[in-house]
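Residues per chain, in single letters:
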Amino acid sequence: MADAQTKMAVSSDEVAIQVSAMNKWYGTFHVLRDINMTVMRGERIVICGPSGSGKSTLIRCVNRLEEHQQGQIIVDGTELTSDLKNIDKVRSEVGMVFQHFNLFPHLTILENLTLAPIWVRKVPKKEAEETAMYFLHKVKIPEQALKYPGQLSGGQQQRVAIARSLCMKPRIMLFDEPTSALDPEMIKEVLDTMIQLAEDGMTMICVTHEMGFAQAVANRVIFMDQGQIVEQNAPKEFFSNPQSERTKLFLSQILGH
Amino acid sequence: MSETSFVRSEMLAQKLPPVTERGIIKWLRENLFSGWFNSVLTILAILALYSLIRGFLPWLQNSVWNAGSLRECRDIVIAQSGEGATGACWAMVRVRWNQFIFGLYPVPEYWRPTTAMALLLVSLAPVLYYGLRRPTTKMVGAVTIGLLVALIGLGTDALHIAASVAVMLALVAVAWLAPKKLVWLTLVFPLISFFLLWGGSIWGPVGTLIGFAIWAGVFTAAQRSFGVVVGAAIGLLVASLWWGFVQSVVTGALQSAMPFELLYVRSDDFGGFLLAFVIGIAAIAASLPIGILLALGRQSDMLLIRTLCVGFIEFFRGVPLITVLFSANFLLLYFLPRGTNFDLILRVIIVVIIFASAYIAEVVRGGLAALPRGQYEAADALGLDYWQAQRLIIMPQALKISIPGIVSSFIGLFKDTTLVALVGLMDPLQGVTKIVRSDTAWKGIYWEPYIFVGAIFFVVCFSMSRYSMYLEGKLKTDHR
Amino acid sequence: MTLAVDAPKGSFRISQLIYDTRYRSYTIQFIVLLLFFALLIWLANNTIENLADRDKDINFRFLFNRAGYDIGQQLIPYTNDDTHLRALFVGLLNTLVVAFFACIFATLLGVTVGILRLSKNWLVARMMTVYVEVFRNVPLLLWIILAFVILGETRPGPKEFKVTDEMIAAGTEPAGTMWFWNSVAVTNRGTDLPAPLLDRPLGVFEVATVPINLSVLVTIAVIIGSILFNRALLARAKAVQETTGDRPTTWWKSLLILFGPVIALLLALGFHLEYPELKGFNFQGGIAIAHSFTALVLALTIYSATYIAESVRAGILAIGRGQSEAAFALGLRPNRTMNLVILPQALRVIIPPMISQYLNITKNTTLGMAISYLDLKGTLGGITLNQTGRELECMLLMMMIYLTLSLMISAVMNVYNRSVKLKER
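The rules we used
Residues numbered from 1 in each chain as written. Chains lettered and ligands numbered in written order. Predicted model: local features only at pLDDT ≥ 70, side-chain atom pairs only at ≥ 80, totals over all residues. Heavy atoms only, no water. Helix = DSSP H or I, 4+ residues; strand = E, 2+ residues; numbered from the N terminus. Rg over C-alpha atoms; globule rule 2.2 N^0.38 Å. Buried < 20%, exposed > 50% of the residue type's maximum accessible area, 1.4 Å probe, protein only. Contact = heavy atoms within 4.5 Å. Lys, Arg positive; Asp, Glu negative; His and termini not counted. Charge placed at Lys NZ, Arg CZ, Asp CG, Glu CD. Disulfide = S-S within 2.5 Å. Salt bridge = Lys/Arg side-chain N within 4 Å of Asp/Glu carboxyl O. Pairing = 2+ DSSP bridges. Axes fitted to C-alpha atoms, helices over the stretch in contact; angles between N-to-C directions. Core = buried A, V, L, I, M, F, W, Y, C linked by side-chain atoms within 4.5 Å. Buried area = accessible area lost by both parts, 1.4 Å probe. Polar contact = N/O pair within 3.5 Å; in protein donor to acceptor, adjacent residues only side chain to side chain. Parallel < 35°, antiparallel > 145°, perpendicular 65-115°, else oblique. Left-handed = near helix turned anticlockwise from the far one by under 90°. Nonpolar A, V, L, I, M, F, W, Y, C, P; charged D, E, K, R; others polar. Expected span 1.5 Å × (residues − 1). pLDDT = per-residue confidence, 0-100.

Time to look at the overall build of chain C. Counting secondary structure elements, chain C contains 13 helices and 9 strands. Relative to its length of 425 residues, chain C is extended, with a C-alpha radius of gyration of 29 Å against a globular reference of 22 Å. Principal-axis analysis of the C-alpha atoms gives chain C an extent of 110 × 75 × 50 Å. Per-residue burial over chain C gives 41% buried out of 425 residues. For chain C, the share of sequence-separated contacts (at least 6 apart) that also reach a separation of at least 24 residues comes to 64%. Averaged over its 36 positive side-chain charges, chain C has a centre that lies 14 Å from the centre of its 28 negative ones.

What follows is the structure, encoded as structure tokens:
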């Protein structure tokens with residue numbers, strides 16, 4: 001994994017996501033405060049922080065599952081406003097993996113994977129199925145294609161969910177705590193899939209507490225607390241030499257044992 | 001990259017959202033006028049509300065409370081508000097309320113059903129707050145005060161007020177000193193209320209009670225060596241001997257030695273909400289245990305028992321209640337030994353119990369099915385026998401899960417008590433209202449009696465359903 | 001494998017019947033069986049004795065005797081010279097027709113209310129909550145009687161619909177006016193609706209004394225044909241989508257296929273409406289519907305719709321937010337998300353309680369006897385029973401019919417449940 005780090009340096013200076021002066025409120029509660037963040041193409045970012053710090057909300061704003069009230073979010077040159085066309089465009093470019101997988105229980109694995117390509121990308125069924133099988137091979141569960149999500153283990157379900165996002169050929173992937181609902185022995189299989197994805201040069205934003213993953217894969221670690229970005233740095237610096245008191249406290253809590 | 005490293009030196013404070021995102025404007029925009037479709041809906045809703053209020057408000061405002069007949073009511077409304085005005089005639093309720101509540105129950109005896117109702121609430125206290133001193137006492141105390149007010153309002157004579165309130169005060173003392181002991185009242189309440197409602201000699205119910213005591217005694221003695229089912233059967237046999245052969249002799253002797261009785265009230269005089277409550281509560285109380293047994297039978301490993309229970313449950317869930325009520329009216333006497341004859345209310349109560357227990361059985365079965373297999377295995381592993389496992393492990397959990405279903409069956413049952421009108425009993429809706437509407441003074445009145453009766457049903461059913469929701473929420477937090 | 005030791009043979013003791021788990025359940029079942037038969041024999045014996053006391057027997061021949069009473073609403077021809085059996089069928093059809101209309105209207109209303117209750121519109125959601133709570137917490141019988149009383153007592157009599165010359169001169173309106181462009185009249189006697197008539201009907205033939213209208217039959221056949229054809233169209237659209245990726249626009253073709261042929265057929269048969277008209281003291285022409293029917297359908301609809309609304313709401317709420325979020329994140333539009341992801345899942349939760357609500361509606365039609373609606377309960381269990389005095393036979397027959405209806409509906413529900421069950425580990 002050590003050489004993966006060097007192999008995966010950012011090659012581009014093209015901006016993938018630009019968030020500037022973004023604010024969000026739930027009612028009167030100020031969840032995201034003055035967020036400024038630039039993600040370059042091919043960059044892999046890990047966001048961490050205590051629960052309730054707004055990290056999930058932030059990435060959910062990036063594909064407009066949540067609305068922001070102030071500031072700007074530009075994804076791949078498209079600004080997110082209430083314009084439906086822009087939202088459609090962004091959502092079909094940005095894949096998302098959820099904590100609880102959110103596979104569709106009434107569809108087979110293959111149907112889960114082909115649903116969006118057929119209806120959104122308007123790909124012929126056969127082609128969509130071929131793509132789906134390709135990605136199922138990639139996440140190493142092609143033999144499960146005709147089963148239903150309820151028949152798979154948690155780790156397998158999460159890998160299907162990753163494959164489902166990949167079938168849309170996204171340019172950016174968002175991961176919302178993808179391993180926190182999994183048993184320890186299943187976490188590795190999902191992380192391996194994610195590392196493989198990183199090696200292929202995917203732009204990724206990942207909310208996770210897997211610090212090993214952050215050290216191995218991330219270009220940058222962002223620490224959030226109370227709805228704001230408190231500290232961001234390259235992983236080596238971030239873990240060995242945290243600057244802010246809050247970061248130190250947080251790191252001591254999650255790495256302390 | 002220059003911006004890779006960033007450290008915030010000062011934390012940002014919480015700010016208020018922009019003006020368009022807060023306050024009443026935001027609320028209106030989000031809740032009433034988000035998008036054209038919602039705006040149209042809102043406007044339609046306002047129009048509907050407006051026309052409803054415009055139709056009903058003047059009618060309510062012109063209500064007349066004092067009049068002798070519908071004619072008089074209308075004259076008063078016209079005199080007050082001019083030609084063409086309409087107004088509600090609540091005077092009818094004022095004059096006839098007692099029939100809606102008590103039917104033709106003799107007026108001087110109104111204190112009896114009222115006291116029975118108070119005792120019902122007291123015997124509910126241990127069910128709701130078992131062993132908790134403070135809430136139990138509070139509830140019994142409140143019921144006592146309510147009863148006192150009600151009895152005075154009903155114009156009861158001083159003797160009976162004093163007697164009733166004395167009993168209630170004794171119960172308050174019991175609630176404070178030994179709240180768990182109130183369960184005994186709950187157990188004997190059916191017989192007490194039977195005596196209070198129908199009257200007659202007190203020794204009849206006492207004799208019946210002694211029979212139950214014999215049953216319980218024999219059961220406790222026998223179940224140790226013969227098991228629960230056989231023990232219960234032996235107890236029932238001995239108790240039946242008492243009820244069949246000994247009781248009438250003993251109670252007859254007691255009655256002649258110490259005569260104590262209340263005026264006997266015929267079942268035909270029962271009516272109104274009194275009838276609905278008597279049928280509803282009797283059916284609710286009895287259908288729960290029978291329903292639980294049926295549900296257990298349906299889950300049993302024994303094919304024959306399962307088949308019988310399934311057949312029973314599916315039959316009664318498959319036929320309409322009215323046909324069952326008509327069977328009580330026409331058929332029940334065919335099935336019983338020659339010469340048996342007892343009154344229609346009891347027959348109706350019996351078939352309603354049977355009918356309701358089939359529904360309760362299905363609800364409880366749902367609760368049993370929701371329990372994880374591990375609970376049964378754990379009970380077996382602890383060495384509990386079948387009945388102990390059911391009583392200590394399975395039923396408490398299964399019943400907790402089924403509370404919403406049980407309560408909604410009860411609500412359905414209470415609403416269905418109105419159907420007894422169709423076999424000729426005087427329920428509040430069909431029976432009493434018909435009598436009132438056929439009175440020449442009130443001929444042509446329709447909204448008022450139905451609103452009155454409907455409102456009472458609504459209050460009872462709605463509060464039951466809200467209570468079950470509250471209970472559900474409370475039990476859910478217990479699990480966390 | 002020799003660990004499972006069988007009990008030594010030949011050592012059977014009587015006490016094993018009670019204490020050995022292998023025999024115990026047989027013992028119990030045997031005793032229960034004995035008790036059950038004893039109960040049956042006791043009941044049968046009592047019944048025979050009681051019947052003998054009253055000089056009665058059990059005998060269903062009365063069904064073929066002349067009924068001798070009239071039934072207001074009849075879907076198959078019936079006069080009072082027909083048999084009790086035919087009266088039974090008239091009643092059964094009346095039960096089914098009320099249940100049919102009540103189920104349809106209750107579903108439409110219930111689904112609408114259930115969805116509106118989940119609406120973000122505060123006012124509308126609250127109003128729907130009030131509606132649901134008020135109507136489900138008051139007995140159905142009240143709504144039936146109230147609807148009947150109000151229709152019968154507040155509506156003007158037919159002659160008050162008359163517009164006289166003096167009224168025109170004075171510019172006053174009559175007490176009663178017809179609704180929907182003078183096509184529907186609701187009087188205190190009943191409701192008069194326009195009747196669909198044909199200039200060139202196809203004729204009528206009889207099957208087992210039940211007349212069958214050929215025009216209706218052909219119309220139904222055409223509708224079924226259109227539906228099948230539309231299915232073929234949709235299947236073709238799906239095939240095109242699967243090969244090319246683009247789904248051809250089908251909605252206007254569907255509309256044309258579904259409605260075109262029927263409209264053409266009706267025009268060919270000379271379809272027109274006959275409006276009810278005030279002649280003398282009553283409305284003539286059109287279809288007259290008794291208030292007992294209207295009130296029963298109305299009350300069953302508004303009452304049962306509250307239950308359907310609740311199950312619709314529960315069904316939609318049961319589908320977690322994660323499902324729609326996942327679909328949105330994949331780029332599906334909200335209406336596609338509804339059709340492809342939410343509805344297929346929600347329907348599994350909604351349909352079973354909906355079917356059992358249909359069962360309740362069917363059973364609740366018996367409440368029509370409170371307003372003298374002659375359904376199965378009114379004919380077989382009412383007038384026939386009273387006239388012939390055959391309580392046992394009538395009640396048994398009636399219970400069996402209702403039981404059969406219920407079991408049929410439950411069977412449909414079980415088949416459905418099995419077919420949509422989610423596969424899990």
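Once you've had a look at it, read on.
So, about the state of the cysteines. Taken as a whole and judged by the stated rule, the model has 1 disulfide over all chains. With its sulfur 1.9 Å from that of its partner, Cys73(B) forms a disulfide with Cys89(B). The chirality of the disulfide connecting Cys73(B) with Cys89(B) is right-handed, given an S-S dihedral of about 70 degrees. A residue pair is termed long-range when its members are at least 10 positions apart, and Cys73(B) in helix α3 (residues 70-81) and Cys89(B) in the loop between α3 and α4 (91-102) qualify at 16 residues. In this structure Cys89(B) comes out as buried when scored by relative accessible area, which is 2%. As a non-bridged cysteine, Cys167(A) has Cys206(A) as the owner of its nearest cysteine sulfur, 20 Å distant. On the basis of relative accessibility, which here comes to 4%, the residue Cys167(A) falls in the buried class.

With that settled, consider the pattern of salt bridges. A complete count under the given rule lists 35 salt bridges over all chains for this structure. Note that Glu362(B) and Arg298(B) form a salt bridge whose closest N and O atoms lie 2.5 Å from each other. Here the residue Glu362(B) occupies a position in helix α15 (residues 344-370), and Arg298(B) occupies one in helix α11 (residues 272-299), the gap between them amounting to 64 residues. The partner of Arg373(B) in a salt bridge is Glu377(B), with the nearest N and O atoms 4.0 Å apart. Of the two residues, Arg373(B) and Glu377(B) are both situated in helix α16 (residues 373-381); the distance of 4 residues between them amounts to about one turn of the helix. We classify Glu377(B) as partly exposed; its relative accessible area is 47%. Taken together, the salt bridges that share partners define one network made up of Lys24(A), Arg60(A), Glu66(A), Arg321(C) and Glu325(C).

Attention now goes to the sheet that holds strand β2 (residues 190-193) of chain C. All names here are of chain C. Strand order in the open sheet formed by 3 strands is β1-β2-β9, and the pairing between neighbours is antiparallel. Looking at strand neighbours, the two that pair on one side only are β1 (185-186) and β9 (287-290), the edges of this open sheet. When β2 meets β9, the two strands line up antiparallel, connected through 4 bridges. By the bridge assignment, Leu-193 is partnered in β9 with Ile-287. Helix-sheet contacts for helix α9 (residues 291-318) involve β1, β2 and β9, and the interaxial angle to β9 is about 65 degrees.

Below, the discussion takes up the sheet that holds strand β6 (residues 94-97) of chain A. An order of β6(A)-β7(A)-β8(A)-β3(A)-β9(A)-β10(A)-β1(B) is seen for the 7 strands of this open sheet, with the pairing classed as mixed. Lying at the two open borders of the sheet, with one neighbouring strand each, are β6 of chain A together with β1 (6-7) of chain B. In the sheet, β6(A) pairs with strand β7 (residues 172-176) of chain A via 4 bridges, with the strands oriented parallel. Within β7(A), the residue paired with Val94(A) across the bridge is Ile172(A). Helix-sheet contacts for helix α6 (residues 154-166) of chain A involve β6 and β7 of chain A, and the interaxial angle to β6(A) is about 170 degrees.

With that settled, consider the nonpolar core. Counting 228 residues, the largest nonpolar core has Ile17(A), Ile47(A), Val75(A), Phe270(B), Leu325(B) and Val348(B) as its most contacted members. Among the elements that take part in this core, α15(B) stands out by supplying 15 residues, more than any other. Those residues within four positions of Phe270(B) in sequence are excluded, and the remaining contacts are Phe102(B), Tyr105(B), Leu197(B), Trp198(B), Val265(B), Leu275(B), Val278(B), Ile345(B) and Met426(B). Within the second largest apolar cluster, 48 residues are counted, among which are Val97(A), Phe101(A), Ile187(A) and Leu191(A).

Each side of the interface is counted separately: chain C has 57 residues, and chain B has 56 residues. Carbon and sulfur atoms make up 72% of the surface buried where chain C meets chain B, a total of about 5,200 Å² over both sides. For Arg466(B), the salt bridge goes to Glu133(C), with nearest N and O atoms at 3.1 Å. Across the chain C-chain B interface, the total number found is 17 residue pairs in polar contact (both at pLDDT 80 or more). Elements supplying a minimum of two residues to the side of chain C that touches chain B: α2 (21-53), α4 (122-136), α5 (140-154), α9, α12 (376-388) and α13 (391-420) of chain C.

Turning next to the interface of chain C and chain A. If you look at the interface, chain C gives 29 residues, while chain A gives 32 residues. Across the chain C/chain A interface, buried area totals approximately 2,800 Å², and carbon plus sulfur atoms make up 60% of it. On the surface where chain C and chain A come into contact, there are 3 salt bridges. For Asp88(A), the salt bridge identified is with Arg333(C), shortest N-O distance 2.4 Å.

With that settled, consider the packing of helix α3 (residues 84-117) of chain C against helix α11 (residues 334-364) of chain C. Residue and element names in this part refer to chain C. One way to put it is that α3 packs onto α11 with a least axis distance of 10 Å and a crossing angle of 140 degrees. Relative to α11, α3 is oriented oblique. For the element pair α3 and α11, the recorded crossing hand is right-handed. Every residue of α11 that contacts α3 at Ala-99, Ala-102, Cys-103, Ala-106, Thr-107 and Val-111 is listed here: Met-354, Tyr-358, Ile-361 and Thr-362. Along the lines of polarity and charge, the residues of the contact of α3 with α11 split into 8 nonpolar, 2 polar and no charged.

Turning our attention to the pairing of strand β5 (residues 210-213) of chain C. Residues and elements named next belong to chain C. For strand β4 (residues 204-207) and β5, the ladder comprises 4 bridges, and the chain directions are antiparallel. Counted as the bridge partner of Val-207 is Val-210 from β5. In this structure, the hairpin formed by β4 and β5 is closed by a connection of 2 residues, where Ala-208 is found at a positive phi of approximately 50 degrees.

Regular strands show a simple pattern: their side chains alternate between the two faces of the sheet. Residue and element names in this part refer to chain A. Direction of pairing for strand β1 (residues 15-26) relative to strand β4 (residues 70-75): antiparallel, over a ladder of 5 bridges. Paired with Gln-18 across the two strands is Ile-74, which belongs to β4. Between β4 and the antiparallel strand that follows it, strand β5 (residues 78-79), lie 2 residues; Asp-76 among them carries a positive phi value of about 55 degrees.

Turning next to α4(C). Every α-helix carries 3.6 residues per turn, so stepping three or four residues along brings you back to the same face. Residues and elements named next belong to chain C. The end-to-end C-alpha distance of α4, which contains 15 residues, comes to 21 Å, matching closely the 21 Å that a straight helix rising 1.5 Å per residue would cover. Of the positions making up α4, those classed as buried are Leu-123, Val-124, Ala-125, Met-128, Tyr-131, Val-132, Glu-133 and Phe-135. The N-capping residue of α4, defined by a side-chain oxygen 3.2 Å from the backbone nitrogen of Leu-123, is Asn-121.

Okay, the confidence of the model for chain C next. Residues and elements named next belong to chain C. In the predicted model, chain C carries a mean pLDDT of 85, and 95% of its residues have values of at least 70. The weakest mean pLDDT in chain C belongs to helix α1 (residues 16-19) at 67; the strongest belongs to α9 at 93. Confidence drops under a pLDDT of 50 for residues 1-5, and excluding neighbours within four residues, the segment shows 0 contacts in the predicted structure. Prediction confidence for the complex, expressed as pTM and ipTM, is 0.86 and 0.86 respectively.

As a further point, take the side chain of Ser406(C). Within the element layout of this structure, Ser406(C) appears in helix α13. Classification of Ser406(C) by relative accessible area gives buried; the value is 3%. A polar atom in the side chain of Ser406(C) sits 2.5 Å from the backbone oxygen of Gly318(B). Discounting chain neighbours no more than four positions away, the residues touching Ser406(C) are Gly318(B), Leu359(C) and Lys363(C).

Residue and element names in this part refer to chain B. By the element assignment, Gln-390 lies in helix α17 (residues 386-416). According to the relative accessible area criterion, Gln-390 is buried, its value standing at 7%. Discounting residues that sit within four places of it in the chain, Gln-390 has contacts with Leu-296, Met-395 and Pro-396.

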